Amino acid sequence: MMRSGDFMGELPKRVKMVEVGPRDGLQNEPNPVPTELKIEFINRLSQSGLRTIETTSFVSPRWVPQMADATEVFSTIERNPDIYYPVLVPNVTGLKRAIDVGVREVAVFTAASDTFNCRNTNVTIEESLERFAPVMELAAEHELRVRGYVSCALGCPYEGDIAPSKVAAVARELSELGCYEISLGDTIGIGTPAAAQRMVEAVMTEVPVERLAVHFHDTRGQALANVMACLQLGVATVDSSVAALGGCPYANGARGNVASEDLLYMLQGLGIETGVDLERLIDASLFISDALGRPPSSRLGQLRLEERGEPVH
């Protein structure tokens, strides 16, 4: 039997889905999301077959109020030993808080745009990388995995287009610091498949493709197409968010991430293994959407509501 990849370029046989809904998805919600709701949401995701669920951020509540309950959330969720529950940490202070509650994986974040990075973290790219050095050292002491994020990999709300070489240089720095995986983020959802491939190809000259992930926001409806373009280059890790939750407090106009359930449907159609149960993922999507008082932005979530005879506004 011919695999889809036989006529559209070599595709990975298996893709790791990194669910970012509880953190990247909820951080930009305008109203406080109850702690118990976050916990139930994560527990439902844990039952879907996902093996990586980004849970929260140990950041200052002054900057991201939605993540003020990080300690309670992480301490209360039903953690499956087969699942990684990474959290974002901006500095050593955040890392120490994460260590205290038993985190096994953390993520650090910078950008390919100095202006965005200054708006987001009040430091330049170079200064953020310097700040990560003690974080990496302490993480190594506690045998924690560290993931790196590069925001604005395809464009910046303040600087416009970003050169692929700039993204590659930042990714190289994160790799040399010790990040086991680097997620390349189209923070404002400006990318197209060709632009995404150019960017990833540039980064691949500095970091092996096996250590790269992609993170697309669907502002202009290009996220799934961008994912497909990167799969053809050998990328096998994709960030996504159920119900297409998401946005960025420091990127005006940024909309939600590519929807996990829509992504999974596409991957299944391509014959790519993920280990994730589509029905459970849709259920988690409908659960959080209902709790937030709105229909899911994902296509599959909307179809499920229609099948139930419920209105989709």
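What counts and what doesn't
- Residues numbered from 1 in each chain as written.
- Predicted model: local features only at pLDDT ≥ 70, side-chain atom pairs only at ≥ 80, totals over all residues.
- Heavy atoms only, no water.
- Core = buried A, V, L, I, M, F, W, Y, C linked by side-chain atoms within 4.5 Å.
- Buried < 20%, exposed > 50% of the residue type's maximum accessible area, 1.4 Å probe, protein only.
- Contact = heavy atoms within 4.5 Å.
- Helix = DSSP H or I, 4+ residues; strand = E, 2+ residues; numbered from the N terminus.
- Polar contact = N/O pair within 3.5 Å; in protein donor to acceptor, adjacent residues only side chain to side chain.
- Phe/Tyr/Trp six-rings, centres within 6.5 Å; stacked < 30°, edge-to-face > 60°.
- Lys NZ or Arg CZ within 6 Å of the ring centre and 35° of its normal.
- Pairing = 2+ DSSP bridges.
- Axes fitted to C-alpha atoms, helices over the stretch in contact; angles between N-to-C directions.
- Parallel < 35°, antiparallel > 145°, perpendicular 65-115°, else oblique.
- Left-handed = near helix turned anticlockwise from the far one by under 90°.
- Nonpolar A, V, L, I, M, F, W, Y, C, P; charged D, E, K, R; others polar.
- Patch = residues over 30% accessible without salt bridge, like charges linked within 9 Å, V, L, I, M, F, W, Y side chains within 5 Å.
- Areas by Shrake-Rupley, 256 points an atom, 1.4 Å probe, with all protein chains shown as cover.
- Salt bridge = Lys/Arg side-chain N within 4 Å of Asp/Glu carboxyl O.
- Lys, Arg positive; Asp, Glu negative; His and termini not counted.
- Charge placed at Lys NZ, Arg CZ, Asp CG, Glu CD.
- pLDDT = per-residue confidence, 0-100.
- Disulfide = S-S within 2.5 Å.

## Focus on the nonpolar core
- With 96 residues, the main nonpolar core has Leu184 and Leu231 as its most contacted residues.
- Setting aside its immediate chain neighbours within four residues, Leu184 contacts Val150, Ala153, Val167, Met199, Val200, Val203, Leu212, Ala213, Val214 and His215.
- Counting 6 residues, the second largest nonpolar core, distinct from the first, contains Val18, Leu88, Ala107 and Tyr149.

## A word on the environment of Thr187
- Tracing the backbone shows Thr187 in the loop between β7 (181–186) and α9 (193–204).
- The spatial distance from the C-alpha of Thr187 to the C-alpha of Arg145 is 23 Å, given a sequence separation of 42 residues.
- Polar side-chain contacts of Thr187 include one of 2.8 Å to the backbone nitrogen of Cys152.

## Focus on the side chain of Thr52
- Topologically, Thr52 is positioned in strand β2 (residues 52–53).
- Here Thr52 is in contact with Lys16, Met17, Val18, Glu19, Ile83, Tyr84 and Pro86, once residues within four sequence places are set aside.

## Let's talk about the packing of aromatic side chains
- Across all of its chains, the model carries 0 aromatic pairs by this definition.
- Stacked on the ring of Tyr84, the Lys or Arg Arg104 has its end atom at 4.3 Å from the ring centre.
- Sitting above the plane of the Tyr149 ring, Arg147 keeps its charged end 5.3 Å from the centroid.

## Some details on the side chain of Ser183
- Within the secondary structure, Ser183 is located in strand β7.
- Polar side-chain contacts of Ser183 include one of 2.8 Å to the side chain of Asp239.

## What about the pairing of strand β1 (residues 16–19)?
- One ladder, built from 4 bridges, connects β1 with strand β9 (residues 237–240); its direction is parallel. By the bridge assignment, Glu19 is partnered in β9 with Ser240.
- Bridge count between β1 and β2: 2 bridges; the pairing is parallel. Paired with Val18 across the bridge in β2 is Thr52.

## Quick notes on helix α10 (residues 223–231)
- Counting buried residues in α10 gives 7 out of 9 residues, a clear majority hidden from the surface.
- Ala223, Asn226, Val227, Met228, Ala229, Cys230 and Leu231 are the residues of α10 that are buried.

## What to know about the packing of helix α8 (residues 164–177) against α9
- Running from amino to carboxyl end, α8 crosses α9 at an angle of 40°, the nearest separation of the two axes being 8 Å. Comparing their axes, α9 and α8 come out oblique. Remark: the crossing between α8 and α9 carries right-handed chirality. Contacts between α8 and α9 involve Pro164, Val167, Ala168 and Ala171 from the first element and Arg198, Met199, Ala202 and Val203 from the second.
- Among the residues making up the contact of α8 with α9, the classes are represented as 7 nonpolar, no polar and 1 charged.

## A short note on a negative patch on the surface
- A cluster of like negative charges, contributed by Asp114, Glu126, Glu127, Glu130, Glu159, Glu173 and Glu176, occupies part of the molecular surface.
- When residues of the negative patch are assigned to their parent elements, the largest contribution, 3 residues, is made by helix α7 (residues 125–141).
- Mapped onto the fold, Glu176 is located in helix α8.
- For Glu176, a relative accessible area of 59% puts it in the exposed group.

## Remarks on the sheet that holds β9
- With parallel pairing, the 9 strands of this open sheet are ordered in space as β2-β1-β9-β8-β7-β6-β5-β4-β3. Edge strands, defined here as strands with exactly one partner in the open sheet, are β2 and β3 (56–57).
- Bridge count between strand β4 (residues 87–88) and strand β5 (residues 105–111): 2 bridges; the pairing is parallel. Bridge pairing in β5 links Val87 to Val106.

## So, the pattern of salt bridges
- For the structure on display, the rule yields 13 salt bridges.
- Of the charged contacts, one joins Arg294 and Glu29 as a salt bridge, the two residues approaching to 2.5 Å between their closest N and O atoms. Within this pair, whereas Arg294 is found in the loop between α12 (278–292) and α13 (299–307), its partner Glu29 is found in the loop between α2 (21–25) and α3 (35–46), the two being separated by 265 residues in sequence.
- Among the residues examined, Glu29 registers a relative accessible area of 14% and is labelled buried.
- The structure contains a network of salt bridges with shared partners spanning Lys16, Arg147, Glu181 and Asp239.

## Re the confidence of the model for the chain
- With 94% of its residues at a pLDDT of 70 or more, the chain has an overall mean of 92.
- Low pLDDT (under 50) marks residues 1–7, which in the prediction has 11 contacts with non-local residues, meaning those over four places away or in another chain.

## Describing the state of the cysteines
- This model, assessed by the stated rule, comprises 0 disulfides.
- Take Cys118: it sits in no disulfide, and the sulfur closest to it among the cysteines is that of Cys156, at 10 Å.
- Note on Cys118: relative accessible area 31%, which makes it partly exposed.
- The thiol of Cys179 is unpaired, and the distance to the nearest cysteine sulfur, on Cys152, comes to 17 Å.
- The exposure class of Cys179 is buried, given its relative accessible area of 1%.

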